[in-house]
Amino acid sequence: MTTTLDSLLSDLASGAVHVVDLTAPLSPSTPVLQLPAPFANTIPLSLEPVSNFDDDGPGWGWNNIHTGEHTGTHVDAPAHWATGRDGHTVDTIPPGRLVGPAVVLDFRDEVSRDPDFLLEPAHLDAHVAEHGPLPDGAWLVFRTGWSARNHDADAFLNADDSGPHTPGVSVAGAEWLAASSITGFAVETVGVDAGQAGGMDPMFPVHYHLLGADKYGLTQLQNLDRLPATGAVLVASPLPIVGGTGSPARVLAFVPGAA
């Protein structure tokens, strides 16, 4: 009897389903969140050669990795935030919760006009009215077009004297998301909160409400233009860092139809 997994493999081989890589390449130039003083910041990626087909290892090359948990495309675990500090660390997230239907909210036009655009409950209610309730365990994907800036750190962070200006979610919107049945919230920007979220009450409301509700963040995605509004399946694969508050991740989507 043909199983569901057999059907998936057949569809992948035939092209009826294709895999889209949503992960931003991770390099020393990958933009990293910059918090203002006096707060400490994480480090960007660097590689330290162990051997490079030389006297230290004539037949092999390998490197030590130096980077932060929250660098590049990464997962935020509940333990990343004060409201979730007693919750899951990245190694204890149930694997089944890292796989789920992708529901895409497309606000590229709005963000092109206003980089400080915020998702409000009215936007989320309108999506539900048009497409139906969010599936249990879904990844809610915020498509803004921001990943086009990935190769220019200044444009990606988009900061001035008042701080960074990137799209995100209002306080009320974050409360709406936390009360929903989603697994997590996924974005193209450097973090799941808006650039100006440090001035909100509470500060960084997506972190505050979602991670406190045992949901996850997923940041710095790209290729979201290749996802349909519904019908794709998203797979996030962070490293199971024991005690980790997050991890760089490879994020893939299974998408129906020709590539």
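That block above? That's the structure.
Being a predicted model, the structure only gives us computed values, none of them experimental. (Residues numbered from 1 in each chain as written. Predicted model: local features only at pLDDT ≥ 70, side-chain atom pairs only at ≥ 80, totals over all residues. Heavy atoms only, no water.)

It is the contact of helix 5 (residues 171–179) with helix 6 (residues 205–212), at a shortest axis distance of 8 Å, that shows an interaxial angle of 15°. One finds that helix 5 runs roughly parallel with respect to helix 6. Crossing hand, helix 5 versus helix 6: right-handed. Taken together, the residues of helix 6 that come into contact with helix 5 (itself represented by V171, A174, E175, L177 and A178) are P205, V206, H209 and L210. Considered class by class, the residues forming the contact of helix 5 with helix 6 number seven nonpolar, one polar and one charged. (Axes fitted to C-alpha atoms, helices over the stretch in contact; angles between N-to-C directions. Helix = DSSP H or I, 4+ residues; strand = E, 2+ residues; numbered from the N terminus. Parallel < 35°, antiparallel > 145°, perpendicular 65-115°, else oblique. Left-handed = near helix turned anticlockwise from the far one by under 90°. Contact = heavy atoms within 4.5 Å. Nonpolar A, V, L, I, M, F, W, Y, C, P; charged D, E, K, R; others polar.)

Following the sequence through the fold, H165 ends up in the loop between strand 9 (163–164) and strand 10 (168–169). A distance of 3.0 Å separates polar atoms of two side chains, one belonging to H165 and the other to D160. In this structure H165 touches P115, D116, W146, L157, N158, D160 and Q196, once residues within four positions along its chain are discounted. (Polar contact = N/O pair within 3.5 Å; in protein donor to acceptor, adjacent residues only side chain to side chain.)

Turning to the pattern of salt bridges, a few remarks are in order. For the coordinates displayed, the defined rule picks out four salt bridges. Between R250 and D21 there is a salt bridge, with its nearest N and O atoms 2.7 Å apart. Of the two residues, R250 sits in strand 14 (residues 246–256) while D21 sits in strand 1 (residues 17–21), which places them 229 residues apart along the sequence. Relative accessible area serves as the criterion here: at 23%, D21 is assigned to the partly exposed category. Among the salt bridges present, the one from D106 reaches R143, with a minimum N-O distance of 3.2 Å. Here the residue D106 occupies a position in strand 5 (residues 99–106), and R143 occupies one in strand 7 (residues 139–143), the gap between them amounting to 37 residues. Look at D106 and you get partly exposed, because its relative accessible area is 33%. Residue R143 is classed as buried on the basis of its relative accessible area, which comes to 8%. Each of the salt bridges in this network shares a partner with another, and the network as a whole consists of D106, R108 and R143. (Salt bridge = Lys/Arg side-chain N within 4 Å of Asp/Glu carboxyl O. Buried < 20%, exposed > 50% of the residue type's maximum accessible area, 1.4 Å probe, protein only.)

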